[in-house]
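# Breakdown of the fold
This is what each chain is made of:
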Amino acid sequence: MLSKLTQLFKSADAPAADSGGEAELLDAVKALVDPDTGRTYAEAKAIRNVRQSASAIGLDIVLAYPAQSRHDTIRAQFAEALATLAGTRQIDIAVSSQITGHAVQRGIPLLPGVKNVIAVASGKGGVGKSTTTVNLALALAAEGARIGILDADIYGPSQPLMMGLQGQRPASPDNKSLVPVENYGVQTMSMGYLVDDDQAMVWRGPMVTQALMQLLNDTRWDALDYLLIDLPPGTGDVQLTLSQKIPVTGAVIVTTPQDIALLDAKKGLRMFEKVGVPVLGIVENMSVHICSNCGHVEAIFGEGGGQKMAEQYNVELIGQLPLDLSIRLAVDEGRPSVIADPDGTIAAIYKQIARRVAVKVGEKARDYSSRLPKIVVQNT
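Note that the coordinates shown come from a computational prediction; the quantities given were computed from them, not determined experimentally.

### Observations regarding the pairing of strand β4 (residues 114-121)
- The buried fraction of β4 amounts to seven of the eight residues, a majority that puts the element mostly inside the structure.
- As paired strands, β4 and strand β8 (residues 224-230) are joined by six bridges and run parallel to one another. Counted as the bridge partner of isoleucine 118 is leucine 228 from β8.
- Pairing analysis gives four bridges linking β4 to strand β9 (residues 250-255), with the strands arranged parallel. Residue pairing in the sheet places alanine 119 in a bridge with alanine 251 of β9.

Structure, rendered in structure tokens:
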């Protein structure tokens, strides 16, 4: 039994096969570096299915993160490295992504239909956490991943408005489970779908946490690579429930450069550290204000706060966004920046952050629990 398990884990990360002329081909590409990870493709074990014949040479690149927008660049990168070796032969480079489930808190099983859960959190409200969540989700979807959003802010759900789904209601085929409401290729679930816009949720903590668990577990998530959970601000009941009962792959902390926002963001970061959830990075919103009339740049909320926090806690600052009117207008209209202006500067920043988050998840240890055989003890 033990030898079979050992072989199972080894085969999951097995390098490309090598025989004859394949060694020469591998040698030609072994130094190529993935700009998104800073590691060579060989180190990441991304080079697979090396092949060579009289008419063609080729290989497959299998990334651990979604990067559909990078495929052409990667193909060109390998084609250039193999040009001399290929001569007159055709070069066939196939690029794809294979996203797997990664390690979570010990003793918590993965969610059905969900490979990785990413919590998006902030210490205080008003720092753009929900806006960040929705744009990261859409950026990951644009890169080819299957994405879901769980709006965990029971008191003030905002995802239906931001996703252009206000007034929608989820279907319930069996009166027990809910079908996620989908737009822009992203599956979503929120308390905002289940109550009227002006209905106040006057609930105590235990009811809120119970509602969160029901929304999470009763939703029929369909083969998600990543489920982003838009947490309410603070470090209270919902955050504790998340860390103790939900399999979280990692967390993203959203802040602004303002001292008071950083103070609260640090509390959120320390909370995740204490409960064993790794922080994937820090996103700093409102880094600078760009005047829409004259283009003048001014750090009205201070500057360098996110970088100092990242250095203090040895966490990566994975992105900085300006205080830009278009970001607010886009989410209010239900067409976030990544959808409203997919080729714009703001969308490019969100896409870079999303790739960095996915890379950080891909670097984590894999979860092999789904491959292990189930052990049943029976009395005979």
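### With respect to the pattern of salt bridges
- Tallying each qualifying case throughout the model produces 15 salt bridges.
- Between arginine 70 and aspartate 36 there is a salt bridge whose closest N-O contact spans 3.0 Å. With arginine 70 in the loop between β2 (56-63) and α3 (71-86) and aspartate 36 in the loop between α2 (22-29) and β1 (47-52), this residue pair connects regions lying 34 residues apart in the sequence.
- Exposure remark for arginine 70: the relative accessible area of 24% places this residue in the partly exposed category.
- Residue aspartate 36 is classed as buried on the basis of its relative accessible area of 8%.
- When the shortest N-O distance is used, the salt bridge between arginine 355 and glutamate 143 registers 2.9 Å. In this pair, arginine 355 is assigned in helix α12 (residues 345-362) and glutamate 143 in the loop between α4 (129-142) and β5 (147-151), connecting sequence segments 212 residues apart.
- Residues joined by salt bridges that share partners form a network here, namely Asp36, Arg70, Glu143 and Arg355.

### Considerations on the side chain of asparagine 135
- Relative to the elements of secondary structure, asparagine 135 occurs in helix α4.
- There is a polar contact of 3.0 Å between the side chain of asparagine 135 and the backbone oxygen of threonine 131.
- If near-sequence neighbours (up to four positions away) are discounted, asparagine 135 is found in contact with Val331, Pro336, Ser337, Val338 and Tyr350.

### Digging into the pairing of strand β7 (residues 186-190)
- β7 sits mainly inside the fold: five of its five residues count as buried.
- Here β7 shows two buried faces, one formed by Val186, Thr188 and Ser190 and the other by Gln187 and Met189.
- Bridging between β5 and β7 involves five bridges; their strand directions are parallel. Paired with glycine 148 across the strands is glutamine 187, a residue of β7.
- With three bridges connecting them, strand β6 (residues 181-183) and β7 associate as antiparallel partners. Note on β7: the bridge partner recorded for valine 181 is threonine 188.
- Between β6 and β7, which pair antiparallel in sequence order, lie two residues; one of them, tyrosine 184, sits at a positive phi of approximately 55 degrees.

### A few points about the environment of leucine 212
- Locating leucine 212 in the fold gives a position in helix α6 (residues 205-217).
- The exposure class assigned to leucine 212 is buried, which follows from its relative accessible area of 1%.
- Residues leucine 212 and threonine 241, spaced 29 residues apart in sequence, show a C-alpha to C-alpha distance of 8.7 Å.
- Beyond its immediate chain neighbours, meaning those up to four positions away, leucine 212 contacts Leu150, Ala152, Ile154, Val238 and Ile246.

About the cut-offs
- Residues numbered from 1 in each chain as written.
- Predicted model: local features only at pLDDT ≥ 70, side-chain atom pairs only at ≥ 80, totals over all residues.
- Heavy atoms only, no water.
- Buried < 20%, exposed > 50% of the residue type's maximum accessible area, 1.4 Å probe, protein only.
- Helix = DSSP H or I, 4+ residues; strand = E, 2+ residues; numbered from the N terminus.
- Pairing = 2+ DSSP bridges.
- Salt bridge = Lys/Arg side-chain N within 4 Å of Asp/Glu carboxyl O.
- Polar contact = N/O pair within 3.5 Å; in protein donor to acceptor, adjacent residues only side chain to side chain.
- Contact = heavy atoms within 4.5 Å.

Keep in mind that these numbers describe shape and distance, not what the molecule does.
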